[in-house]
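A structural walkthrough
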Amino acid sequence: MCSGVNDSSAQRDRARSAIVDEHIRCENAHDVDATMATFGAHARYDDEPWGDHRIGREGVRAYYSELMDALPDLAIETKHRHVASECVVAEVVIRGTHLGAWRGLPATGRRIEFPLCGVFAFDAKNKLAGERIYYDRGTVLGQLGVFHEPLRG
């Protein structure tokens, strides 16, 4: 195997891991502008449990603004990161207090904590092109007090 290809791949992987780390750091700092700076010229955000697909920088910015207004103490803890040739996958734990309206639900004042898996895609310059997230919507709604499992007999 040609070492140049290997070195190039390793360099790409380091750059992509670094931009994901910076992205999560900016989210934890509640800095929407800095979070948006981790994206390239084009941006996309896919919140799969809700079927919420934001295409374009303004749509993605609106998603982050809504999230940070709803959870002003948002904290993201990275548990694992997996680097592949086409993406970086981050397994994280999301924590926060629901102190602002979110998806039509008025603030409940309740704490949430749930695992989330984020898949980060990149552009040719190794900036974020998109983030796609997966988590259990029922867990979140249960912690917010608006959903419960039916009783089992």
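Scoring rules and cut-offs
Residues numbered from 1 in each chain as written. Predicted model: local features only at pLDDT ≥ 70, side-chain atom pairs only at ≥ 80, totals over all residues. Heavy atoms only, no water. Core = buried A, V, L, I, M, F, W, Y, C linked by side-chain atoms within 4.5 Å. Buried < 20%, exposed > 50% of the residue type's maximum accessible area, 1.4 Å probe, protein only. Helix = DSSP H or I, 4+ residues; strand = E, 2+ residues; numbered from the N terminus. Contact = heavy atoms within 4.5 Å. pLDDT = per-residue confidence, 0-100.

Quick look at the nonpolar core
If you look at the biggest cluster of nonpolar residues, it comprises 33 residues, and the most contacted ones within it are Val20 and Tyr64. Elements with a contribution of two residues or more to this core: α1 (3-28), α2 (32-37), α3 (57-70), β4 (87-97), β5 (111-122) and β6 (128-134). The element contributing the most residues to this core is α3, with six residues. Setting aside residues no more than four positions away along its own chain, Tyr64 makes contact with His23, Glu27, Val32, Thr35, Met36, Phe39, Tyr45 and Glu131.

Quick look at the environment of Ala129
With respect to the helices, strands and loops of the structure, Ala129 is situated in strand β6. We classify Ala129 as partly exposed; its relative accessible area is 25%. Residues Ala129 and Tyr45, spaced 84 residues apart in sequence, show a C-alpha to C-alpha distance of 8.8 Å. Setting aside residues no more than four positions away along its own chain, Ala129 makes contact with Phe39, His42, Ala43, Arg44, Ala121, Phe122 and Asp123.

Considerations on the confidence of the model for the protein chain
Residues of the protein chain with pLDDT of at least 70 account for 95%, and the chain-wide mean is 94. Predicted confidence is poor over residues 1-5, with pLDDT under 50, and the contacts of this stretch with residues over four places away or in other chains come to one contact.

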